[in-house]
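Chain by chain, the residues run as shown.
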Amino acid sequence: MPLKKGVHEILDYAAKNRISCAVASSSPIMQIEKLLGQAGISDRFAYLQSGEDIVRGKPEPDIFLTACAHFDIDPADALVFEDSANGLKAAAAGRIRSVWIPDIAVIPENVADTVWLQASSLAEVPRLLSNGSAEGGGR
């Protein structure tokens with residue numbers, strides 16, 4: 001599976017700024033570990049949360065809230081990167097800022113209206129965060 005454009009850039013930005021990263025995916029933990037290992041980025045994530053351990057999956061916020069609890073951070077201080085409607089709904093339900101990276105999935109307008117920031121790729125996000133373009137959020 002090819003990496004999304006900008007994965008290394010956003011992970012480098014997080015490391016430089018001492019931001020802990022997690023994967024919170026509905027996929028089974030074995031699949032998450034396999035894909036991260038194949039991509040050579042397993043060590044870039046401090047925490048992996050699969051949907052197997054979550055009672056209510058996306059669009060409920062439980063998977064993201066569990067990751068926030070692991071790091072002992074307020075959801076308002078977290079940031080979720082998503083390309084799916086259910087993921088964006090889950091972030092909004094958990095009151096977590098979301099960055100929407102459009103992919104092939106069609107996102108309904110009412111869901112798109114909940115995003116904090118829209119970027120064409122993950123590569124664009126470090127620049128937006130660094131120069132303050134994301135302060136007010138929006139698409």
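Anyway, here's the lowdown on the structure attached to this text. (Residues numbered from 1 in each chain as written. Predicted model: local features only at pLDDT ≥ 70, side-chain atom pairs only at ≥ 80, totals over all residues. Heavy atoms only, no water.)

### Digging into the sheet that holds strand β4 (residues 97–100)
Inference 1: Strand order in the open sheet formed by three strands is β3-β4-β5, and the pairing between neighbours is parallel. A single partner strand is all that each edge strand has here, and the edge strands are β3 (79–82) and β5 (117–118).
Inference 2: Where β3 and β4 come together, four bridges link them in parallel fashion. Residue pairing in the sheet places V80 in a bridge with S98 of β4. (Pairing = 2+ DSSP bridges. Helix = DSSP H or I, 4+ residues; strand = E, 2+ residues; numbered from the N terminus.)

### Quick word on the packing of aromatic side chains
Inference 1: Under the defined criterion, the tally for this structure stands at one aromatic pair.
Inference 2: When the ring of Y47 is compared with that of F71, the centres are 6.1 Å apart and the planes differ by 80°; the resulting orientation is edge-to-face. One end of the pair, Y47, is in strand β2 (residues 47–50); the other, F71, is in helix α3 (residues 62–71), and 24 residues separate them in sequence.
Inference 3: Given the relative accessible area of 23%, F71 is considered partly exposed.
Inference 4: Sitting over the ring of W116, R97 keeps its end group 4.7 Å from the ring centre. (Phe/Tyr/Trp six-rings, centres within 6.5 Å; stacked < 30°, edge-to-face > 60°. Buried < 20%, exposed > 50% of the residue type's maximum accessible area, 1.4 Å probe, protein only. Lys NZ or Arg CZ within 6 Å of the ring centre and 35° of its normal.)

### Brief notes about the nonpolar core
Inference 1: One finds L11, F45 and V99 to be the most contacted residues of the largest nonpolar core, which totals 18 residues.
Inference 2: The element that contributes the greatest number of residues to this core is helix α1 (residues 7–16), accounting for four residues.
Inference 3: Residues within four places of L11 in sequence aside, it is in contact with C21, I41, R44 and F45.
Inference 4: If you look at the next biggest cluster of nonpolar residues, it comprises 10 residues, including A24, I54, I63 and V80. (Core = buried A, V, L, I, M, F, W, Y, C linked by side-chain atoms within 4.5 Å. Contact = heavy atoms within 4.5 Å.)

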